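The lines below spell out each chain.
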Amino acid sequence: MKLGIVGLPNVGKSTLFNSLTKAGAESANYPFCTIDPNVGVVTVPDERLNKLAALYDSDKITPAVIEFVDIAGLVKGASKGEGLGNQFLSNIREVDAIVHVVRCFEDTNVIHVDGSVDPLRDIETINMELIFSDIEILERRIAKTSKGARNDKALAKELDILNRLKAHLEEMNLAISFEVNDDDEAALLPTLNLLTYKPVIYAANVSEDELADDAASNPNVCKVREYAAENHSEVFAICAQIEQELSELDDDEKKEFLEDLGLTESGLDKLVKASYHLLGLISYLTAGKQETRAWTITEGTKAPGAAGKIHTDFERGFIRAEVVNYQDLLDCGSYTAAKDKGLVRLEGKEYVVKDGDVILFRFNV
């Protein structure tokens, strides 16, 4: 999973990016990987892995990972060359979802780029830049499609969709709210790779003392929640400053620090939950002496497709899946005991994998 972090200057975006990537890398003892200065890979916190690894005495634990991309250069006028101009586009086009950090805290020491705190105005500013960028993409696609549309019905239909979509964006609407007429139109939209077609998670950056009640009393956060609900987006409250402090602590200290603040989970935990929910993702597990590992798949994936995440040969030569629920396996104390109790099931090609399934795939190629 790849998430792009966007936000105006001085909203806490870089602080959040730096703390998340550092905390995520260290908490699971995963080798932190910097692909370039603004890309970091972090592990998905999953307590099931440690318990399974203890059960199997695994030599290695491999958690699922998220790649975070810190999208620099997004300021008012970026699409016209302000700030870093369109440098951010090559990075952001490949992400699965956008994490939009919006400032919801007041602090006279941190000047807002527009002079006052107004998260809905900030959201609109970023959206406008993404819309302008998408319009440019569509204009190039329209010019290319127009050449063959006269003699090709399929291209003529595509041209009609592109023109309608461009008009939709020119009215300052997001591509994700564009209404399609049929399956062909629905299939075309994802292939255009438009920024405003990507799902969005809003990270409402609040002060430390507002976190305990999930910023319920913060009027700015309430506005963002209303906006997110109307636009089928996720939102969670976070304090970038707290995340920075957490990133310096080990797991035990982190837990104690969160308890002192009256919190049960970190910002990274919240972000993982929001992104999995928004993108319809789940994790299944594999376990053994050699390795215990989490695999991220789309909800609704059938057994062969899930097997293909491990290796294409597993999918191509799929025979069956031996499946046991994670909690059942833990309660029984061993795979053999779970099998004796009839809790290990043999599933075929039509089985839909569930979150927390521990699976052994049988295949032959």
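Up top is the structure these notes are about.
About the cut-offs
Residues numbered from 1 in each chain as written. Predicted model: local features only at pLDDT ≥ 70, side-chain atom pairs only at ≥ 80, totals over all residues. Heavy atoms only, no water. Salt bridge = Lys/Arg side-chain N within 4 Å of Asp/Glu carboxyl O. Helix = DSSP H or I, 4+ residues; strand = E, 2+ residues; numbered from the N terminus. Buried < 20%, exposed > 50% of the residue type's maximum accessible area, 1.4 Å probe, protein only. Phe/Tyr/Trp six-rings, centres within 6.5 Å; stacked < 30°, edge-to-face > 60°. Lys NZ or Arg CZ within 6 Å of the ring centre and 35° of its normal. 1 Å grid on protein atoms, 1.4 Å probe; cavity = no way out; pocket = protein on both sides within 12 Å on 5 of 7 lines; lining within 4 Å. Points joined across faces, edges and corners; volume = space filled by probe spheres on them. Nonpolar A, V, L, I, M, F, W, Y, C, P; charged D, E, K, R; others polar.

*Asks:* Can you tell me about the pattern of salt bridges, naming the residues and giving the values?
*Replies:* Summed over all chains, the structure comprises 21 salt bridges. Where K157 meets D184, a salt bridge forms, and the shortest distance between an N and an O atom there is 3.2 Å. Here K157, found in helix α5 (residues 153–170), pairs with D184, found in helix α6 (residues 183–191); they are 27 residues apart in sequence, far enough to count as distant. Residue class for K157 comes out partly exposed when judged on its relative accessible area of 31%. Measuring nitrogen to oxygen at the nearest pair gives 2.9 Å for the salt bridge that ties R345 to E347. Look at R345 and you get partly exposed, because its relative accessible area is 31%. A residue is classified by how much of its surface remains accessible, and E347, at 18% relative accessible area, is buried. Here the salt bridges share partners, and the residues they tie into one network are D46, R48 and D355.

*Asks:* Please set out the packing of aromatic side chains residue by residue, giving values where relevant.
*Replies:* Tallying each qualifying case throughout the model produces 5 aromatic pairs. Considering the side-chain rings of Y284 and W295, the 6.5 Å spacing of their centres and the 15° angle between planes classify their relative orientation as stacked. Taken together, the positions of Y284 in strand β9 (residues 281–286) and W295 in strand β10 (residues 292–298) put the pair 11 residues apart, joining distant regions of the chain. Given the relative accessible area of 0%, Y284 is considered buried. Considering the side-chain rings of F318 and F361, the 6.3 Å spacing of their centres and the 65° angle between planes classify their relative orientation as edge-to-face. Taken together, the residues F318 in strand β11 (residues 318–325) and F361 in strand β13 (residues 357–363) connect sequence positions 43 residues apart. Judged by relative accessible area, which is 7%, F318 ranks as buried. Through successive ring pairs, a cluster of aromatic residues spans Y284, W295, F318 and F361. Above the plane of the ring of W295 lies R293, whose end atom (NZ or CZ) is 4.0 Å from the centre.

*Asks:* Please set out empty space enclosed by the protein residue by residue, giving values where relevant.
*Replies:* Over the atoms, a rolling probe the size of a water molecule traces out where space has been left empty. Applying the stated criterion to the full structure yields 2 cavities of 30 Å³ or more. Of the voids in this model, the largest cavity is the one considered here, and its volume is about 140 Å³. N127, L174, K198, V200 and Y202 are the residues nearest the centre of the largest cavity, which is lined by 18 residues in total. Elements that contribute at least two residues to the lining of the largest cavity include exactly β6 (97–103), α4 (119–149) and β7 (200–205). Among the elements that take part in the lining of the largest cavity, α4 stands out by supplying 3 residues, more than any other. Counted by class, the lining of the largest cavity contains 11 nonpolar, 6 polar and 1 charged residues. In this structure, the second largest cavity encloses a volume near 50 Å³. Every residue lining the second largest cavity is counted, 13 residues in all, and those nearest its centre are L211, E243, L263, E265 and G267. Put simply, the parts of the chain that give the lining of the second largest cavity at least two residues each are β8 (234–238), α8 (240–246) and α10 (267–279). It is α8 that provides the largest number of residues to the lining of the second largest cavity, a total of 3 residues. Looking at the lining of the second largest cavity residue by residue, the class counts come to 8 nonpolar, 2 polar and 3 charged.

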